[in-house]
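# Structure assessment
Single-letter residue listing:
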Amino acid sequence: MAWRQRNVSIDTLLERVVGILERQHEPAPNRGLSEFRKNKPSHFRGGFDPDGAQLWLEELEKIFEAMACPNDEKVVYATFMLVGEAEHWWRIARQQLVTDGTAIDWLTFRHRFLEKYFPEDLRRRKELEFLNLKQGSTSVGEYAAKFDELSRYCSYFSHVDDRARCSKFESGLWPDTKQVIGYQQIAHFPELVDKCRVYEDDTKARQAAWKNTRP
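Residues numbered from 1 in each chain as written. Predicted model: local features only at pLDDT ≥ 70, side-chain atom pairs only at ≥ 80, totals over all residues. Heavy atoms only, no water.

Glancing now at the state of the cysteines. Following the criterion strictly, the structure yields zero disulfides and no others. Unpaired in terms of disulfides, Cys 166 finds its nearest cysteine sulfur in Cys 196, a separation of 9.0 Å. (Disulfide = S-S within 2.5 Å.)

What follows is the structure, given as structure tokens:
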């Protein structure tokens, strides 16, 4: 019985060694694609979905960063995830780039992809929506979520420091919240949002207590 168990262990070990050797002899792009797919990237089918197109790009770039993906392989991996109408679009767009003698790198793909699925006029509309964003009737949490969502469409705003983010966020707060928070001169964005939430909760609690004491 013991010799059978030893044989099973040896066979298992040999299978693992063979698997490792096979992966070592697999072409580098194929190994990279296998690693890329282990991150379960989403397919992109095309159609009119600007926000979906933006989120798909951001998802891929997050995976590329985690993989330390070489720039010359990003287009290969991204276009592998195109299906349906999007795959057909890229086949034609790629041929045009080849005909024009344009280098097909990640920046070129990204530009052409957004040009097709998130046109400049729509991006400009999102940017204006961010620049005019106010808290309005929403809670601080909802306002902060919308602020983060729209800020990524404002290209120059992605490079500003926390102080500038705080100033923009404060400008859209309710007047009473803005007045109380403004005196504190907070320059760290997460801290600003937390303090605004605390003030909002305290205000609601005071209002509820006042209502309960009314005759």
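Per-residue confidence for the chain averages 85 on the pLDDT scale, and 85% of its residues sit at or above 70. Across residues 17-29, where pLDDT falls below 50, the model places five contacts with residues more than four positions away in sequence or in other chains. (pLDDT = per-residue confidence, 0-100. Contact = heavy atoms within 4.5 Å.)

Taken N-terminus to C-terminus, the directions of helix α8 (residues 140-151) and helix α9 (residues 162-171) make an angle of 125 degrees; their axes are 11 Å apart at the nearest point. By the criterion of interaxial angle, the relationship of α8 to α9 is oblique. When you trace α8 past α9, the crossing you get is right-handed. Here Val 140, Tyr 143, Ala 144, Phe 147, Asp 148 and Ser 151 of α8 lie close against α9, whose contacting residues are Arg 165, Lys 168 and Phe 169. Residues of the contact of α8 with α9, tallied by class, amount to five nonpolar, one polar and three charged. (Axes fitted to C-alpha atoms, helices over the stretch in contact; angles between N-to-C directions. Helix = DSSP H or I, 4+ residues; strand = E, 2+ residues; numbered from the N terminus. Parallel < 35°, antiparallel > 145°, perpendicular 65-115°, else oblique. Left-handed = near helix turned anticlockwise from the far one by under 90°. Nonpolar A, V, L, I, M, F, W, Y, C, P; charged D, E, K, R; others polar.)

Right, let's get into the nonpolar core. By size, the foremost hydrophobic cluster in this structure holds 46 residues, and its most contacted members are Trp 56, Leu 82, Phe 109, Phe 113 and Phe 169. Ranked by the residues each element gives to this core, the list is headed by helix α3 (residues 50-67), at six residues. Apart from the residues within four sequence positions on either side, Trp 56 is in contact with Ser 42, His 43, Phe 44, Ala 78, Met 81, Leu 82, Phe 109 and Phe 113. (Core = buried A, V, L, I, M, F, W, Y, C linked by side-chain atoms within 4.5 Å. Buried < 20%, exposed > 50% of the residue type's maximum accessible area, 1.4 Å probe, protein only.)

To continue, consider the side chain of Lys 74. With respect to the helices, strands and loops of the structure, Lys 74 is situated in helix α4 (residues 71-80). For Lys 74, which is buried and forms no salt bridge, the nearest opposite charge comes from Glu 61, at a distance of 6.7 Å. Excluding residues that lie within four positions of it along the chain, Lys 74 makes contacts with Phe 64, Cys 69 and Trp 106. (Lys, Arg positive; Asp, Glu negative; His and termini not counted. Salt bridge = Lys/Arg side-chain N within 4 Å of Asp/Glu carboxyl O.)

Before going further, it helps to spend a moment on the packing of helix α10 (residues 175-182) against helix α11 (residues 189-213). Remark: α10 packs on α11, axes separated minimally by 11 Å, with the N-to-C direction vectors making an angle of 125 degrees. Taken together, the axes of α10 and α11 lie oblique to each other. Viewed along their axes, α10 and α11 form a crossing whose handedness is right-handed. Across the interface between the two elements, Asp 176, Thr 177, Val 180 and Ile 181 from α10 touch Leu 192, Lys 195, Cys 196 and Tyr 199 from α11.

Tallied over the full model, the rule gives 22 aromatic pairs. Measuring from centroid to centroid gives 5.4 Å for Phe 169 and Phe 189, while their planes differ by 90 degrees, and the two rings are edge-to-face. With Phe 169 in helix α9 and Phe 189 in helix α11, this pair connects stretches of sequence that are 20 residues apart. Residue classification places Phe 169 among the buried residues on the basis of a relative accessible area of 0%. Here the aromatic residues Phe 36, Phe 44, Trp 56, Phe 64, Tyr 77, Trp 89, Trp 90, Trp 106, Phe 109, Phe 113 and Tyr 117 are joined through ring pairs into a cluster of three or more. The cationic tip of Lys 116 hangs over the ring face of Tyr 117; the distance from NZ or CZ to the ring centre is 5.8 Å. Of note, Lys 168 hangs over the ring of Phe 130, and the distance from its end group to the ring centre comes to 5.1 Å. (Phe/Tyr/Trp six-rings, centres within 6.5 Å; stacked < 30°, edge-to-face > 60°. Lys NZ or Arg CZ within 6 Å of the ring centre and 35° of its normal.)

Structurally, Glu 200 is set in helix α11. An unpaired buried charge is present at Glu 200: no salt bridge exists, and Lys 204, the closest side chain of opposite charge, is 4.3 Å distant. Contact partners of Glu 200, with chain neighbours within four places excluded, come to Gln 135, Ser 139, Val 140 and Trp 174.

This part takes up the pattern of salt bridges. Evaluated as defined, the whole model comprises twelve salt bridges. Linking Lys 126 and Asp 51 is a salt bridge whose minimum nitrogen-to-oxygen distance equals 3.4 Å. In this pair, Lys 126 sits in helix α7 (residues 120-131) while Asp 51 sits in helix α3, placing the two residues 75 residues apart along the sequence. Classification of Lys 126 by relative accessible area gives buried; the value is 17%. Linking Arg 197 and Asp 194 is a salt bridge whose minimum nitrogen-to-oxygen distance equals 3.2 Å. Of this pair, Arg 197 and Asp 194 both sit in helix α11, three residues apart, which is roughly one turn of the helix. Accessibility expressed as a relative area gives 35% for Arg 197, which makes it partly exposed.

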